[in-house]
Amino acid sequence: MKKILVLHGPNLNFLGIREKGVYGEMSFDGLNEYLLKTAEELGLRLEVFQSNSEGDLIDRLQQAYFDRVDGIIINPGAYTHYSYALRDAIASINIPVVEVHLSNIHNREEFRHTSVTAPVCIGQIAGFGAYSYILGMYALKMKLNIQ
Ligand code: DQA
């Protein structure tokens, strides 16, 4: 079974509380249950990690390298727009990474239109709510050639 890591960045633990008009009603726990259930159906072994700290996210990315994780789905939250450190960590690990966003960052404030992390990912999926993560799983399945 392929090992997939889902990394949630800052403030995503506040889903269901924060800006419901933008991010929806689903709670963070509800989102993770949905992801774990779907991964099981797709035959993927999923682990989920969330942190509000840039350094913890970088440590987890580096750990994924040593754990021989097969693929990563990351929602870097606001770090997407300015964290060169996170970008360098993604570029360092030789693991396919899909960047996902609940909202469509391209039709929001201008500062959200830039992703410094997407260029070192295999692709970006934005705007489909929780389903962005599911599409990320399908993208990794395709990339890892799993039937
Ligand atoms: C987000 C979009 C980011 O701009 C924002 O800072 C977030 C969430 C999303 O999933 O839509 O925290 O990554």
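In this text, all values refer to a predicted model and were calculated from it rather than measured experimentally.

Thresholds, definitions, all that
- Within each chain, residue numbers correspond to sequence positions counted from 1 in written order.
- Local features are withheld for residues below a pLDDT of 70 in this predicted model, meaning they are given only at 70 or higher, and side-chain atom pairs are given and counted only at 80 or more; totals for whole chains, interfaces and linings count all residues.
- No hydrogens and no water enter the side-chain calculation; it runs on all heavy atoms of the structure.
- Each helix is a run of H or I in the DSSP string that is no shorter than four residues. Each strand is a run of E no shorter than two, and both are numbered from the N terminus.
- Only the C-alpha atoms count toward the radius of gyration. The rule for a globule is 2.2 Å times the residue count to the power 0.38.
- Throughout, a contact is declared for two residues whenever any of their heavy atoms are within 4.5 Å.
- What sets the accessible areas is the Shrake-Rupley method with a 1.4 Å probe; for residues, cover comes only from the shown protein chains.
- Neither His nor the chain termini are counted; the positive set is Lys and Arg, and the negative set is Asp and Glu.
- Charge positions come from single atoms, namely NZ of Lys, CZ of Arg, CG of Asp or CD of Glu.
- Any residue with a heavy atom lying within 4 Å of a molecule or strand is counted as near it.
- Pairs of N or O atoms are called polar contacts if they sit within 3.5 Å, as long as, within protein, a hydrogen donor faces a hydrogen acceptor (for residues adjacent in sequence, only side-chain-to-side-chain pairs).
- Charged residues are taken to be Asp, Glu, Lys and Arg, nonpolar residues to be Ala, Val, Leu, Ile, Met, Phe, Trp, Tyr, Cys and Pro, and polar residues to be all remaining types, Gly included.
- Lines fitted to the C-alpha atoms define the axes, with helices restricted to the stretch that makes contact. Angles between their N-to-C directions range from 0 to 180 degrees.
- If an angle is under 35 degrees, it is roughly parallel; if it is over 145, roughly antiparallel; if it lies from 65 to 115, roughly perpendicular; otherwise it is oblique.
- Residue types Ala, Val, Leu, Ile, Met, Phe, Trp, Tyr and Cys, when buried and joined through side-chain atoms within 4.5 Å, form a set referred to as a nonpolar core.
- Exposed residues in this analysis have more than 50% of their type's maximum accessible area, buried residues have under 20%, and partly exposed residues fall in between, with area computed by a 1.4 Å probe over protein chains only.

Draft legend 1. Focus on the overall build of the protein. Counting its regular elements, the protein contains 5 helices and 5 strands. In the protein, the order of α-helices and β-strands from amino to carboxyl end is β-α-α-β-α-β-α-β-β-α. A compact globule built from 147 residues should have a C-alpha radius of gyration of about 15 Å, and the protein, at 14 Å, falls within 12% of that. Projected onto the principal axes, the alpha-carbon positions of the protein cover approximately 35 × 30 × 25 Å. Long-range contacts, defined here as pairs at least 24 residues apart, represent 75% of the contacts in the protein between residues at least 6 apart. Accessible surface, the protein as shown: approximately 7,500 Å² in total, 49% of it carbon and sulfur. Charge centroids of the protein, computed over 13 positive and 16 negative side chains, lie 6 Å from each other.

Draft legend 2. Inspection of the site of the ligand at higher detail. Inspection of the region around the ligand gives R18, Y23, N75, G77, A78, H81, H101, L102, S103, I105, R108 and R112 as its neighbouring residues. Between an oxygen atom of the ligand and a side-chain N or O atom of H101, the distance comes to 2.8 Å. One of the backbone N or O atoms of L102 is found 2.8 Å from an oxygen atom in the ligand. Classifying every residue of the shell around the ligand gives 4 nonpolar, 5 polar and 3 charged.

Draft legend 3. Looking closely at the packing of helix α3 (residues 54-66) against helix α4 (residues 84-92). The N-to-C vectors of α3 and α4 enclose an angle of 5°; their axes lie 9 Å apart at closest approach. Relative to α4, α3 is oriented roughly parallel. Across the interface between the two elements, E54, L57, I58 and L61 of α3 pack against A85, L86, A89 and I90 of α4. Looking at the contact of α3 with α4, its residues break down into 7 nonpolar, no polar and 1 charged.

Draft legend 4. Quick look at the nonpolar core. Counting 23 residues, the largest nonpolar core has I4, L15, L35, L46, I73, Y133 and M137 as its most contacted members. Looking at this core, the elements with two or more residues in it are β1 (2-8), α2 (28-42), β2 (44-50), β4 (97-101) and α5 (131-143). With 5 residues, the top contributor of residues to this core is α2. What M137 contacts, discounting residues up to four positions off in sequence, is L35, T38, A39, L42, L44, L46 and I73.

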